[in-house]
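Chains, contacts and geometry: an overview
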Amino acid sequence: MNLDIVRLSYLLLGISIFSRCSPTPSTNLNQVSLLPVPVEVTASGGTFQFSEKTKIFINSDLLQSELVTLNRSVLESYNYELKETNENSGSQIIALELDTANQEISFEGYELDIEEERIVIRGSSLAGVFYGIQTLDQLMYESSADQKIPTGKIVDYPKYEYRGMMLDVSRRFFTVEEVKRLIDQIAVLKTNVLHLHLSDDQGWRIEIKSRPKLTELGSKSEVGEGKGGFYTQLQYQDLVSYAASKYIVVIPEIDMPGHTNAALASYAELNCDQKTPDLYRGTAVGFSTFCTDSEATYAFIDDVIKELATLTPGKYIHIGGDESLVTEKEDYIYFVNRVQTIVEKHGKIMIGWDEIATADLNQSSVVQQWHSMENAKLAAQKGNQVILSPATHTYLDMKYDSSTQVGQDWAGLIPIRFGYEWLPDTLNDGITKALALGIEAPLWTEFVEDTKDMDYLIFPRFAGYAEIAWSPSSHLEWADYKSRLQVYAKRWDKTGVNYFKDSTVFDVNK
Ligand code: TNX
């Protein structure tokens, strides 16, 4: 690129960032509140007036479900739905355009052009068009009183390809409907991964047809008194396709060789002493292990991964691998190496918690940092990609402050601001942007009793992780984020999300 063009684009970017922060009339696109903050916003000062006469045009049949998505947003904000038109001309049109050959728009990126007569959302992928609709959704939500959208252009694309949340459904079981509700909340924030922690000491949550006792017995417990539960394969597939309709891929995790009491209780052959332990309802970690030198263990894992792979359209399967405190180190390495082969045999890529960095990883395997900087560095030295979930910064089960009633604090307190003000790029030396696949915020549920607790710990903190994962670091600024969060929170008020109404964030006078 010619140097002058580079300088000019920096100048224009500078102007657009600067103008986003400066006081402007409310019809200014630079002044609207968007979460995550887009890469480039250029206002043009007019307005597009929505009405029931507005029509939707799609340039490809592949966009049928995006049309439905857009209409759902229109209904929610304005209380009516729009008709489709076959003419991409005239006024009062919203055009959704899929342009797969367009090299200027990155995968998952979009352009949103708002003019007085028409709005165009253009993507080089369906996901990109979907994200453009999510941005328009936020603009519509904010303008529900007068249905006027400020004109201008937004050019936007994600920083990281992996933008995730994890939900532990083992310590506490959540129904398909409860998980779908969470998917709705995180999809608007342009999250694209939901990692489900499907097994642990306290319960096994996914039907495996070749190993029926896992659900006949192993699913019947959880932390405390609850009755546990599991997803049938049909229910799980329904969940996976619901998530996919919002461009969220579900990554299933079967945690092993530790965190396996529910499986050990179901099948005696997985235990070195061939004896089944009782079901477990406590909160301790690190006491269980599969028998790592028994072929019965690997036959079991092969059965489980085989069925899970057929239920998983995404490329990853998570094998856990954390806190195997009663597995000898050399047995642990042998085990991870073998499981890696099984995952690959079934056509998937292995992800594991950071302890797996000590095994002989294949180049494609991914390490999820949660605890150990050393393990994360080891993974980076080996050239493996890393997902950043540092407990000290991203664990949604940590309390906000010492007065928080739910959650725990072993990794420290994580106030909203602290959760927002860190950068994955600089947290660990050695993990370059190229090796960081993205970030994920996990919600462990030992101390989460219901969806009220779940909402409270997740929101508003998760909005910050979604923004760190999507937006350029040069755009991340606490005061600006805080004011956008205040606006965004009205959506949670309306939809009954029990977010933490921290007075230092939501009391506008503070
Ligand atoms: C550590 S994070 C764990 C989980 C607990 C969590 C509680 C990780 C890989 N292991 O088993 O639920 O802490 O915060």
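Residues numbered from 1 in each chain as written. Predicted model: local features only at pLDDT ≥ 70, side-chain atom pairs only at ≥ 80, totals over all residues. Heavy atoms only, no water.

1. Observations concerning the overall build of the protein chain
- Secondary structure assignment for the protein chain yields 17 helices and 16 strands.
- Whereas a compact globule of 510 residues would reach a radius of gyration of roughly 24 Å, the protein chain reaches 24 Å, a difference of no more than 12%.
- Seen through its C-alpha atoms, the protein chain measures out along the principal axes to roughly 75 × 50 × 45 Å.
- If you take every contact in the protein chain between residues at least 6 apart in sequence, the share linking residues at least 24 apart comes to 73%. (Helix = DSSP H or I, 4+ residues; strand = E, 2+ residues; numbered from the N terminus. Rg over C-alpha atoms; globule rule 2.2 N^0.38 Å. Contact = heavy atoms within 4.5 Å.)

2. What about the nonpolar core?
- Ranked by internal contacts, the top residues of the largest apolar core, which has 143 residues, are Phe 50, Trp 204, Phe 300, Ile 301, Phe 459 and Phe 462.
- The element contributing the most residues to this core is helix H3 (residues 126-142), with eight residues.
- Look past the residues within four positions of Phe 462 in its chain and what remains in contact with it is Gly 164, Met 165, Ile 186, Leu 189, Thr 191, Leu 396 and Ala 441.
- Counting eight residues, the second largest nonpolar core, distinct from the first, contains Tyr 162, Ile 351, Val 366 and Ile 387. (Core = buried A, V, L, I, M, F, W, Y, C linked by side-chain atoms within 4.5 Å. Buried < 20%, exposed > 50% of the residue type's maximum accessible area, 1.4 Å probe, protein only.)

3. Considering the pairing of strand S2 (residues 55-58)
- Of the strand pairs in this sheet, S2 and strand S3 (residues 83-84) are connected by two bridges, and their pairing is parallel. Looking across to S3, one finds that Lys 55 is bridged to Lys 83.
- One crossover worth recording links S2 to the parallel S3 by way of helix H2 (residues 64-78), and it is right-handed.
- Bridging between S2 and strand S4 (residues 93-98) involves four bridges; their strand directions are parallel. Note on S4: the bridge partner recorded for Lys 55 is Ile 93. (Pairing = 2+ DSSP bridges. Right-handed = clockwise from strand over helix to strand, strands pointing away.)

4. Examining the confidence of the model for the protein chain
- Residues at a pLDDT of 70 or more form 94% of the protein chain, whose mean pLDDT is 93.
- Throughout residues 1-8 the model reports pLDDT below 50, and contacts reaching past four residues in sequence, or to other chains, amount to one contact.
- Considering only residues more than four positions removed or in separate chains, one finds that residues 10-26, a stretch of pLDDT under 50, has 14 contacts. (pLDDT = per-residue confidence, 0-100.)

5. Side note on the site of the ligand
- What surrounds the ligand is a group of 13 residues, the closest being Arg 171, Tyr 395, Asp 397, Trp 410 and Glu 446.
- The contact in question runs from an oxygen atom of the ligand to an N or O atom on the side chain of Glu 446, over 2.6 Å.
- Taking 360 Å² as the accessible area of the ligand by itself, protein coverage stands at 97%.
- Here the residues of the shell around the ligand are counted per class, giving six nonpolar, two polar and five charged. (Near = heavy atom within 4 Å. Polar contact = N/O pair within 3.5 Å; in protein donor to acceptor, adjacent residues only side chain to side chain. Areas by Shrake-Rupley, 256 points an atom, 1.4 Å probe, with all protein chains shown as cover. Nonpolar A, V, L, I, M, F, W, Y, C, P; charged D, E, K, R; others polar.)

6. Side note on the side chain of Asn 337
- The residue Asn 337 is located in helix H9 (residues 329-345) in this model.
- Given the relative accessible area of 18%, Asn 337 is considered buried.
- In terms of polar contacts, Asn 337 uses its side chain to reach the side chain of Asp 360, at 2.9 Å.
- Each residue touching Asn 337, except ones within four places of it in the same chain, is listed here: Ala 359 and Asp 360.

7. Regarding the packing of aromatic side chains
- Counted under the stated rule, the structure contains 28 aromatic pairs.
- Judged by centre distance (5.9 Å) and plane angle (35 degrees), the ring pair of Tyr 78 and Tyr 80 falls under tilted.
- With a centroid separation of 5.4 Å and an interplanar angle of 55 degrees, the aromatic rings of Tyr 456 and Phe 500 are classed as tilted. With Tyr 456 in helix H14 (residues 451-458) and Phe 500 in the loop between helix H16 (478-495) and helix H17 (503-506), the pair connects residues that are 44 residues apart, well separated along the chain.
- Taking relative accessible area as the criterion, Tyr 456 reaches 22% and is therefore assigned partly exposed.
- Pairwise contacts between aromatic rings join Trp 204, Tyr 267, Phe 290, Tyr 298, Phe 300, Tyr 334 and Phe 335 into one cluster.
- Of note, Arg 461 hangs over the ring of Tyr 400, and the distance from its end group to the ring centre comes to 3.8 Å.
- Note that Arg 491 overlies the ring of Tyr 141, its terminal NZ or CZ placed 4.3 Å from the centroid. (Phe/Tyr/Trp six-rings, centres within 6.5 Å; stacked < 30°, edge-to-face > 60°. Lys NZ or Arg CZ within 6 Å of the ring centre and 35° of its normal.)

8. Overview of the packing of helix H15 (residues 461-470) against H16
- Where H15 contacts H16, the axes come no closer than 11 Å and their chain directions differ by 125 degrees. As far as their axial angle goes, H16 and H15 are oblique. Between H15 and H16 the crossing geometry is right-handed. Contacts between H15 and H16 pair Ala 463, Gly 464 and Glu 467 from the former with Tyr 481, Arg 484, Leu 485 and Trp 492 from the latter. (Axes fitted to C-alpha atoms, helices over the stretch in contact; angles between N-to-C directions. Parallel < 35°, antiparallel > 145°, perpendicular 65-115°, else oblique. Left-handed = near helix turned anticlockwise from the far one by under 90°.)

9. Some thoughts on empty space enclosed by the protein
- Evaluation of the coordinates by the stated rule reveals one cavity of 30 Å³ or more.
- Estimates place the volume of the largest cavity at around 30 Å³.
- Looking at the largest cavity, the residues that line it are Ile 416, Gly 419, Tyr 420, Pro 460, Arg 461, Gly 464, Tyr 465 and Tyr 481.
- A class-by-class count of the residues in the lining of the largest cavity yields five nonpolar, two polar and one charged. (1 Å grid on protein atoms, 1.4 Å probe; cavity = no way out; pocket = protein on both sides within 12 Å on 5 of 7 lines; lining within 4 Å. Points joined across faces, edges and corners; volume = space filled by probe spheres on them.)

10. Observations concerning the environment of Tyr 481
- Relative to the helices and strands, Tyr 481 resides in helix H16.
- The sequence separation of Tyr 481 and Ala 463 amounts to 18 residues, and the corresponding C-alpha distance is 9.7 Å.
- Of note is the side chain of Tyr 481, whose polar atom sits 2.8 Å from the backbone nitrogen of Gly 464.

11. With respect to the packing of helix H8 (residues 295-310) against H9
- At a minimum axis distance of 10 Å, the contact between H8 and H9 shows a crossing angle of 35 degrees. Classified by chirality, the crossing of H9 by H8 is right-handed. Every residue of H9 that contacts H8 at Glu 295, Thr 297, Tyr 298, Ile 301, Asp 302 and Ile 305 is listed here: Tyr 334, Phe 335, Arg 338, Val 339, Ile 342, Val 343 and Lys 345.
- Here the residues of the contact of H8 with H9 are counted per class, giving eight nonpolar, one polar and four charged.

12. Things to note about H16
- Along its 18 residues, H16 runs 25 Å from first to last C-alpha, staying within 8% of the 26 Å computed at 1.5 Å per residue.
- Considering bend angle alone, the principal kink of H16 is centred on Val 487 and spans about 30 degrees.
- All of the buried residues in H16 are Trp 478, Asp 480, Tyr 481, Lys 482, Arg 484, Leu 485, Tyr 488, Ala 489, Arg 491 and Trp 492.
- Just downstream of H16, Gly 496 is the residue with a positive phi angle, here 75 degrees. (Expected span 1.5 Å × (residues − 1). Bend = angle between axes of the 7 residues up to and from the residue.)

13. Some thoughts on the pattern of salt bridges
- Within the structure shown, the criterion is met by 22 salt bridges.
- Taking the shortest distance from any N to any O, the salt bridge between Lys 153 and Glu 111 comes out at 3.5 Å. In this pair, Lys 153 sits in strand S7 (residues 148-156) while Glu 111 sits in strand S5 (residues 110-114), placing the two residues 42 residues apart along the sequence.
- A relative accessible area of 13% means that Glu 111 is categorised as buried.
- Between Lys 180 and Glu 177 there is a salt bridge; the shortest N-O distance is 4.0 Å. On the criterion of helical spacing, the pair formed by Lys 180 and Glu 177 is a turn pair, its members being three residues apart in helix H4 (residues 176-187).
- Given a relative accessible area of 12%, Lys 180 falls into the buried group.
- Using a relative accessible area of 55% as the deciding quantity, one classes Glu 177 as exposed.
- One salt-bridge network, in which partners are shared between bridges, spans Glu 97, Glu 111, Asp 113, Arg 122 and Lys 153. (Salt bridge = Lys/Arg side-chain N within 4 Å of Asp/Glu carboxyl O.)

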